[in-house]
Amino acid sequence: MAEIQSLAPIAGPDARVLILGSIPGVESLRKQQYYGNPRNQFWRIFYTILDLPFEDDYPKRLDDARKSCIALWDVIGQCYREGSLDSSIRREQPNDLAAFIKVHPQLKLIAFNGTKAYATYQKYFGKHPLPGVSLLSLPSTSPTPGRYNKTFEEKLKCWKEIKEYL
């Protein structure tokens, strides 16, 4: 089982929404890109809900996220995992979300990309509610089939909720 590290957070100084995944999959880590698997629906959902033209260029995607006051990171900072499945994660260590939140006091929403991200957040941080910050568990944008699979349109409907915090 390989030890893996999450990517650095992507955030502008005025981030109002923090989208947390569990930890990037193999393809995303290989590319060093958030949602780097071309089958992951995150970027398609991102551009659709923000009514922006779809962008393939990764640095431009990050710039668009920052300009939209959206930050990207993961609940898990490091863990052991074979492959990309969340169910294979072992011995996870959380990222320092408290420090992130401290330097982003205008944060209004933490949105979780999938049930593993939300469950892991609850495990490590759930007993410490954040005044003025809402939590929203969203369906995973991962291409990996799971118990709670939804169509793109069903996912999009759920993900549109983040717009009210921007």
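Above this text you will find the structure in question.
Conventions and cut-offs
Residues numbered from 1 in each chain as written. Predicted model: local features only at pLDDT ≥ 70, side-chain atom pairs only at ≥ 80, totals over all residues. Heavy atoms only, no water. Helix = DSSP H or I, 4+ residues; strand = E, 2+ residues; numbered from the N terminus. Rg over C-alpha atoms; globule rule 2.2 N^0.38 Å. Buried < 20%, exposed > 50% of the residue type's maximum accessible area, 1.4 Å probe, protein only. Contact = heavy atoms within 4.5 Å. 1 Å grid on protein atoms, 1.4 Å probe; cavity = no way out; pocket = protein on both sides within 12 Å on 5 of 7 lines; lining within 4 Å. Points joined across faces, edges and corners; volume = space filled by probe spheres on them. Nonpolar A, V, L, I, M, F, W, Y, C, P; charged D, E, K, R; others polar. Pairing = 2+ DSSP bridges. Axes fitted to C-alpha atoms, helices over the stretch in contact; angles between N-to-C directions. Core = buried A, V, L, I, M, F, W, Y, C linked by side-chain atoms within 4.5 Å.

### Quick word on the overall build of the chain
Scanning the chain for helices and strands turns up 6 helices and 7 strands. Ordered by position in the sequence, the α and β elements of the chain form the string β-β-α-α-α-β-β-β-α-β-α-β-α. By the compact-globule yardstick of 15 Å for 166 residues, the chain fits well, its C-alpha radius of gyration being 15 Å. Oriented by its inertia axes, the alpha-carbon framework of the chain measures out at about 40 × 35 × 30 Å. Evaluated residue by residue, the chain yields a buried proportion of 46% over its 166 residues. The contacts in the chain between residues at least 6 apart in sequence include a share of 70% that link residues at least 24 apart.

### Brief notes about the layout of surface pockets
As a volume, the second largest pocket reaches approximately 160 Å³. Together, 14 residues line the second largest pocket, and Asn37, Pro38, Asn40, Phe54 and Arg61 are the ones closest to its centre. For the lining of the second largest pocket, the per-class residue count stands at 4 nonpolar, 5 polar and 5 charged.

### Notes on helix 2 (residues 42-49)
Counting buried positions along helix 2 gives 6 out of 8 residues, so the element sits mostly inside the fold. Along helix 2, the residues classified as buried are Phe42, Trp43, Ile45, Phe46, Tyr47 and Ile49. Where the residues of helix 2 are buried, they touch strand 2 (17-21), helix 3 (58-67), strand 3 (70-74), strand 6 (109-113) and helix 6 (152-159). Taken from the residues just after helix 2, aspartate 51 is the one with a positive phi, measuring 55°.

### A word on the sheet that holds strand 7 (residues 134-138)
If you trace the 4 strands from one edge of the open sheet to the other, you get 3-2-6-7, paired in parallel fashion. Edge strands, defined here as strands with exactly one partner in the open sheet, are strand 3 and strand 7. Strand-to-strand, the axes of this sheet are offset by a mean angle of 20°, without reference to chain direction. Where helix 5 (residues 115-125) meets the sheet, its contacts fall on strand 2, strand 6 and strand 7, and the angle it forms with strand 6 comes to roughly 125°.

### Description of the nonpolar core
Counting residues in each nonpolar core, the largest one holds 48 residues, and the members touching the most others are Ile19, Leu20, Trp43, Leu72, Ile110 and Ile162. Residue contributions to this core peak at 6 residues, all from helix 2. Setting aside residues no more than four positions away along its own chain, isoleucine 19 makes contact with Tyr35, Phe42, Ile70, Ala71, Leu72, Trp73, Ala111, Asn113, Trp159 and Ile162.

### Quick look at the sheet that holds strand 1 (residues 2-5)
Hydrogen bonds between backbone groups are what pair the strands of a sheet, and the pairing can be parallel or antiparallel. The 3 strands lie next to each other as 1-4-5, forming an open sheet whose pairing is antiparallel. The open sheet has two edge strands, strand 1 and strand 5 (90-94), and neither has a second partner. Ignoring strand direction, the axes of neighbouring strands in this sheet form an average angle of 15°. With 3 bridges joining them, strand 4 (residues 76-81) and strand 5 adopt antiparallel strand pairing. Its bridge partner being in strand 5, tyrosine 80 is matched across the sheet by arginine 90. Lying over the sheet, helix 5 contacts strand 4 and strand 5, oriented at roughly 70° with respect to strand 5.

### A few points about the side chain of asparagine 95
Following the sequence through the fold, asparagine 95 ends up in the loop between strand 5 and helix 4 (97-102). The exposure class assigned to asparagine 95 is buried, which follows from its relative accessible area of 12%. Not counting residues up to four positions away in its chain, the partners in contact with asparagine 95 are Ser6, Trp73, Asp74, Val75, Ile76, Gly77 and Phe125.

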